[in-house]
Amino acid sequence: MRKGDRQVIINSQKVTITERDEAQGLIAQRDFGGTKKWRTCYVSDGTGHAMLYTASDRAIAEGIDVHERKEAISLIHDGHRCYGAVVRDLITGELSVYLAKATALATGGAGKVYRVTTNAIICEGIGHALALETGVACLGNMEAVQFHPTGIVPLGILVTEGCRGDGGLLRDVDGHRFMPDYEPEKKELASRDVVSRRMEEHIRKGKGVKSRFGEHLWLDITLLGRHHIEHNLREVKEICESFMGIDPAEKWIPVRPAHHYTMGGVRTNHTGESQQLKGLFAAGEAACWDMHGFNRLGGNSVAETVVAGMIVGEFISDFCDKKENDIDIPMSLAQQFYDSEKAKLGSLLNSAGKENAFKLNTEMQEIMTSSVGIFRNGDALAEGVKHLQDLLKRSRNIGLTSKVPGVNPELVMAYRVQKMLKVALAIAYGAQNRTESRGAHFREDYPHRNDQEWLKRTLAFWRDGADLPELQYETLDVMKMELPPGWRGYGAKDYIDHPDTAKRQAEIDEIRKQMEGSDRFAVQDKIMPFRDKLPASLRGRNERLDEPLNG
């Protein structure tokens, strides 16, 4: 951040912001969807790349041994404790056993179960599937799937929310800026689920732009000016030029909502450890760590990556340091999992089955997109679940044209699609059974958020021989919440309250009234203490610009 004046675009108008002298040198922040404050830290529009380079550079500096081009295909466990993983070398096809006190899944999201996603091609939900296939660890809230408003048509490559955060506008076939018609307060910066639904509603009304790739809408960032685009949104410019042959400083960008983020994941406690399988940890998009709930505000995955990496990493280190967590694993158990995975791969390579793994994958993506997309309803979900079950059964009859055990994309797709179908079923079946709308999960036949009946987490388990996940539900305690369920400033005020919401809100209001004039740390501890849930080294107070700790 630089002190002094700078120009920004707010609501399509140029506005001058004056940064205070004390802001000089701090991390820059911008507006993002669903928030009231400029709170999203960024590095131009390449924040993710900056974080990746920092992490990889640090790994090199620390001499950390990185085993590349290998993937875990099964977790080793005895039903109570995780001991590591069976790992396949993608080049040679060789299997290895990795034994460890702690095993961490940080495999990202599951976007590739959908046809169009902003996720990288490696984000197939395999980490989710590894936990699910233990039959012990569960996945939480898998039906909570976010669609990002601005995926480039037809590729689905993400155009960062920073475009709208910096003042970009959404326009329809007539060039009309339509979001203020639906969300007059937040406009383009309503939460992602709201903007995505509004865009699809507008297309349904005949206001989409027709093209050979289907209908789309426009993202207009030309009003930001070439200098801003080339300095603050340079990756967007490069993407538009490389994949579409357009200059976004001069032409509008064709966009339509695309799958973006998986809020659900391996259900963990506050340390990042599975609640059912000791020694198994998960962090980031692969985890249901309760940072997001059923929706994710812009920028919060960056926060989760940094925060979960720091906190869960500390807990893993502490876990490994404790004598009681030493492992004494019978080698027969490791051999059992190794032999089992070797047999599965051998069976695939030698199968005379008639099913094609790539076609099964395409069918799965089509079903997920048509039946478990932005708008959901009971009939489509039931049909989708039925089709996915059929695909899962068919996936047990895959045949391969290539029998090579090493570099063999057909083999890789064969064992991955079997796992992906289980993750897809966890999403679809959870969505079918959740008869309400919540966050990014929107049921046209149940359009209201129902806190009275559905303020609970979905837990999905996969039992041996099953064709569907087993669903259980974990009820949330409103009386322990700092922010009881309520209206968050966007969308309609059409939810069904939980019976304890008013009671808890009155309790919080009374605490704040009684403690008026107390520092915020004391108020926080009274309303919802959390410091005891952090590693000891991270329990210090956080500083604010207006509240220096030495002040």
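Just so it is clear, the model here is predicted, and its values are computed rather than measured.

Caption draft 1: Up close: helix 8 (residues 300–321). Here helix 8 contains 22 residues, and its C-alpha end-to-end distance of 30 Å stays within 8% of the 32 Å for a straight helix at 1.5 Å per residue. Taking the largest bend as the criterion, helix 8 deviates by roughly 25 degrees, centred on A308. Burial in helix 8 covers these residues: N300, S301, E304, A308, I311, V312, F315, I316 and F319. Elements that come into contact with the buried residues of helix 8 comprise strand 8 (103–105), strand 13 (253–262) and strand 15 (280–282).

Caption draft 2: The sheet that holds strand 10 (residues 145–152), seen in detail. With antiparallel pairing, 4 strands are arranged side by side in an open sheet as 10-13-12-11. Pairing within the sheet leaves two strands with one partner each, and these edge strands are strand 10 and strand 11 (169–171). Sheet twist, expressed as the mean angle between neighbouring strand axes with direction ignored, is 45 degrees. Looking at chain direction, strand 12 (residues 217–220) and strand 13 are connected through 3 bridges and run antiparallel. For W218, the partnering residue across the bridge sits in strand 13 and is P254. Most of the contacts of helix 5 (residues 192–207) go to strand 10, to which it runs at about 60 degrees, and overall it touches strand 10, strand 11, strand 12 and strand 13.

Caption draft 3: Here's a closer look at unusual backbone geometry. With an omega of 10 degrees, the peptide bond running from V153 to P154 counts as cis. Within the fold, P154 resides in the loop between strand 10 and helix 3 (162–165). Even without being glycine, N141 reaches a positive phi, approximately 55 degrees. Relative to the helices and strands, N141 resides in the loop between strand 9 (139–140) and strand 10. A relative accessible area of 5% places N141 in the buried class.

Caption draft 4: Region of the structure containing the packing of aromatic side chains. Taken as a whole and assessed by the stated rule, the structure comprises 6 aromatic pairs. In this structure, R204 packs its charged tip against the face of F375, placed 4.2 Å from the ring centre. Lying over the aromatic face of W454, K456 brings its terminal NZ or CZ to 5.6 Å of the ring centre.

Caption draft 5: View of the pairing of strand 1 (residues 4–10). With 7 bridges connecting them, strand 1 and strand 2 (residues 13–19) associate as antiparallel partners. The residue bridging I9 from the neighbouring strand is K14, located in strand 2. The hairpin formed by strand 1 and strand 2 contains 2 residues between the paired strands, and N11 there has a positive phi angle of roughly 55 degrees.

Caption draft 6: Spotlight on the nonpolar core. M364, M368, L388 and I427 are the most contacted members of the largest nonpolar core, which totals 81 residues. With 15 residues, the single largest contributor to this core is helix 12 (residues 409–433). M368 has contacts with V113, Y114, G373, L388, A424 and I427, leaving out every residue within four places of it along the chain. Ranked by size, the runner-up nonpolar core spans 26 residues in total, among them L170, F178, A190 and V194.

Caption draft 7: Expanded view of helix 15 (residues 520–527). By the burial criterion, the buried members of helix 15 are F521, V523, Q524 and I527. Each buried residue of helix 15 sits inside an arc of 160 degrees when the element is viewed along its axis, so together they form one side.

Caption draft 8: How the structure looks around the side chain of R81. Here R81 lies in the loop between strand 5 (70–77) and strand 6 (82–89). Within the local environment of R81, its side chain forms a polar contact with the backbone oxygen of K101, the two atoms lying 2.7 Å apart.

Caption draft 9: Main features of the sheet that holds strand 14 (residues 265–267). Spatially, 16-14-9-17-18 is the arrangement adopted by the 5 strands of the open sheet, whose pairing is mixed. At either end of the open sheet lies a strand with only one pairing partner, and these are strand 16 (287–288) and strand 18 (470–475). Here strand 14 runs beside strand 16; their pairing, made up of 2 bridges, is parallel. Residue pairing for strand 16: V266 is matched across the bridge by A287.

Caption draft 10: Spatial organisation of the environment of A120. Looking at the secondary structure, you find A120 in the loop between strand 8 and helix 2 (126–132). Judged by its relative accessible area of 45%, A120 falls in the partly exposed class. For the pair A120 and M51, spaced 69 residues apart in the sequence, the C-alpha separation amounts to 16 Å.

Caption draft 11: Focus on the pattern of salt bridges. Taken as a whole, this structure holds 47 salt bridges when the rule is applied. With its nearest N and O atoms 2.6 Å apart, the salt bridge here joins E62 to R58. On the basis of relative accessibility, which here comes to 52%, the residue R58 falls in the exposed class. The salt bridge partner of R394 is D390, with a shortest N-O separation of 3.9 Å. Note that R394 and D390 are positioned in helix 11 (residues 378–394) at a spacing of 4 residues, about one turn of the helix. R394 gets classed as partly exposed once you look at its relative accessible area, which sits at 22%. Where salt bridges share partners, they join E143, R434, E436, R438, R449 and D451 into one cluster.

Caption draft 12: Region of interest: a nonpolar patch on the surface. On the surface, V97, L99 and M331 cluster together into a nonpolar patch covering about 250 Å² of accessible area. Summarising the element assignment, M331 is placed in helix 9 (residues 331–350). Look at M331 and you get exposed, because its relative accessible area is 56%.

Caption draft 13: Looking closely at the side chain of E341. Within the secondary structure, E341 sits in helix 9. If we skip the residues at most four places from it in the chain, E341 touches I73, S74, V86 and L95.

Caption draft 14: Representation of the environment of A100 within the structure. Of note, A100 is situated in the loop between strand 7 (95–99) and strand 8. For the pair A100 and I327, spaced 227 residues apart in sequence, the C-alpha separation works out to 7.9 Å. Among all residues touching A100, those that are not within four sequence positions of it are C82, Y83, G84 and I327.

Caption draft 15: Fine view of the packing of helix 14 (residues 501–514) against helix 15. Interhelical geometry of helix 14 versus helix 15 gives an angle of 150 degrees and a closest axis separation of 10 Å. By the angle between their directions, the pair helix 14 and helix 15 is classed as roughly antiparallel. Our pair here, helix 14 against helix 15, has a crossing hand that is right-handed. Of the residues in helix 15, those touching helix 14 at R504, I508, I511 and R512 are V523, K526 and I527. Per-class residue counts for the contact of helix 14 with helix 15 are 4 nonpolar, no polar and 3 charged.

Thresholds, definitions, all that
- Residues numbered from 1 in each chain as written.
- Predicted model: local features only at pLDDT ≥ 70, side-chain atom pairs only at ≥ 80, totals over all residues.
- Heavy atoms only, no water.
- Helix = DSSP H or I, 4+ residues; strand = E, 2+ residues; numbered from the N terminus.
- Expected span 1.5 Å × (residues − 1).
- Bend = angle between axes of the 7 residues up to and from the residue.
- Buried < 20%, exposed > 50% of the residue type's maximum accessible area, 1.4 Å probe, protein only.
- Contact = heavy atoms within 4.5 Å.
- Pairing = 2+ DSSP bridges.
- Axes fitted to C-alpha atoms, helices over the stretch in contact; angles between N-to-C directions.
- Phe/Tyr/Trp six-rings, centres within 6.5 Å; stacked < 30°, edge-to-face > 60°.
- Lys NZ or Arg CZ within 6 Å of the ring centre and 35° of its normal.
- Core = buried A, V, L, I, M, F, W, Y, C linked by side-chain atoms within 4.5 Å.
- Arc of directions from axis to C-beta.
- Polar contact = N/O pair within 3.5 Å; in protein donor to acceptor, adjacent residues only side chain to side chain.
- Salt bridge = Lys/Arg side-chain N within 4 Å of Asp/Glu carboxyl O.
- Patch = residues over 30% accessible without salt bridge, like charges linked within 9 Å, V, L, I, M, F, W, Y side chains within 5 Å.
- Areas by Shrake-Rupley, 256 points an atom, 1.4 Å probe, with all protein chains shown as cover.
- Parallel < 35°, antiparallel > 145°, perpendicular 65-115°, else oblique.
- Left-handed = near helix turned anticlockwise from the far one by under 90°.
- Nonpolar A, V, L, I, M, F, W, Y, C, P; charged D, E, K, R; others polar.

Bear in mind that shape data such as this cannot, by itself, settle questions of function.
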